[in-house]
Amino acid sequence: MKNFLAKLLVIVALLVVIRPVSANVSLVVLGDSLSAGYGMAQSESWVGVLQDRWAEKYPDITLINASISGDTTQGALNRLAGVIERHQPDAVFVELGGNDGLRGFTPAAISDNLVQIIMQLQQQDAKVALSQVRIPPNYGQRYSEMFANIFPQVAEQHNVPLIPFFMESIIENESLMQGDGIHPNREAQPLIADIMEEHLLELVQKR
């Protein structure tokens, strides 16, 4: 009997180790216009590019774009329960805060909303990664720095990976930006997909 129980425990342990590699996983991108594909069809966004790319390459990953143009951290928090119920995500990439910064919301309020989003997802056993986000320097150096510091602080406090802001290299190239100087254009989407692919694969343990 003892030998049987010992063998059973070994089998269970092996299944626990193997499951993350073999099981289907759902990965949600919870973002704003930078991920929703502002000014274009959502299928043309960088998330849409990865959806098409992974359909053949990683058919066991369901990549879901739950991003909404104009969304704030508070807006995303308000709709989070519905996102969780609908998609039951195993992992979530959170790309939020830009609209909060552009509207001059307080860093404390932005931080609190991000913390609540992360905690709710972690309570559902979802893995979470947080995007660094920056705003244009014309909002004042002090506020811009305080805003940028929100994301590493929240990531460290809640033990989630901080993903570099994918717009850093894009925004320097005018040919990759829309006329508003804020949003990436269609030509930029595959480049952002290239930047984000490794980070997201690592989040779902494919790298």
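So, a few notes on the structure that sits alongside this text. Model, not experiment: these values are computed from the prediction. (Residues numbered from 1 in each chain as written. Predicted model: local features only at pLDDT ≥ 70, side-chain atom pairs only at ≥ 80, totals over all residues. Heavy atoms only, no water.)

**Describing helix 3 (residues 46-57)**
Rules: Labels follow the DSSP assignment, with helices taken as runs of H or I lasting at least four residues and strands as runs of E lasting at least two, numbered in each case from the N terminus. Any helix carries an expected span of 1.5 Å times its number of residues minus one. Partly exposed residues are those whose accessible area sits between 20% and 50% of the maximum for their type, while under 20% is buried and over 50% is exposed, using a 1.4 Å probe and protein chains only. Residues count as neighbours in contact if any of their non-hydrogen atoms are within 4.5 Å of one another.
Across its 12 residues, helix 3 extends 16 Å between first and last C-alpha, which sits within 8% of the 16 Å expected from 1.5 Å per residue. For helix 3, every residue scored as buried is listed here: Trp46, Val47, Gly48, Leu50 and Trp54. At its buried positions, helix 3 is contacted by strand 1 (25-31), helix 2 (33-36), strand 2 (61-65), strand 3 (91-95) and helix 8 (189-203).

**What about the packing of aromatic side chains?**
For any pair of aromatic rings, the description rests on two quantities: the centre-to-centre distance and the angle between the ring planes. Definition in use: Think of it this way: a Phe, Tyr or Trp ring, Trp meaning its six-membered ring, pairs with another when their centres are within 6.5 Å, and the plane angle makes it stacked under 30 degrees, edge-to-face over 60, tilted otherwise.
For the coordinates displayed, the defined rule picks out six aromatic pairs. Measuring from ring centre to ring centre gives 6.0 Å for phenylalanine 165 and phenylalanine 166, while their planes differ by 40°; the resulting arrangement is tilted. Across the pair, exposure class does not vary: phenylalanine 165 and phenylalanine 166 are buried alike. The structure contains a cluster of three or more aromatic residues connected by ring pairs, namely Trp46, Phe93, Phe165 and Phe166.

**Topic: unusual backbone geometry**
Note on backbone geometry: most residues besides glycine have negative phi, and most peptide bonds are trans. Even without glycine at this site, glutamine 88 takes up a positive phi of about 45°. Position of glutamine 88 relative to the elements: it lies in the loop between helix 4 (73-87) and strand 3. Here glutamine 88 falls in the exposed class, since its relative accessible area comes to 52%. Unlike most non-glycine residues, asparagine 159 shows phi in positive territory, near 55°.

**Observations regarding the packing of helix 3 against helix 8**
The criterion, for reference: For every element, the axis is a line fit to its C-alpha atoms; helices are fit only across the contacting stretch, and the angle between N-to-C directions ranges from 0 to 180 degrees. Between 65 and 115 degrees an angle is taken as roughly perpendicular, under 35 as roughly parallel, over 145 as roughly antiparallel, and anywhere else as oblique. Should the near helix be turned anticlockwise from the far one by less than a right angle, the crossing is left-handed, and should it be turned clockwise, the crossing is right-handed.
Here helix 3 crosses helix 8 at 60°, and the two axes come no closer than 8 Å. Between helix 3 and helix 8, the angle falls in the class oblique. Crossing angle aside, the handedness with which helix 3 passes helix 8 is right-handed. Residues Trp46, Val49, Leu50, Arg53, Trp54 and Lys57 of helix 3 form the contact with helix 8, whose own contacting residues are Gln189, Pro190, Ile192, Ala193, Asp194, Met196, Glu197, Leu200 and Leu201.

**Regarding the pairing of strand 1**
Here is the rule: A pair of strands is treated as paired once DSSP finds two or more bridges between them.
Buried residues dominate strand 1, accounting for seven of its seven residues. Burial along strand 1 is two-sided: Val25, Leu27, Val29 and Gly31 facing one way and Ser26, Val28 and Leu30 facing the other are all buried. In the sheet, strand 1 pairs with strand 2 via five bridges, with the strands oriented parallel. Following the sheet pairing, valine 25 is matched in strand 2 by isoleucine 61.

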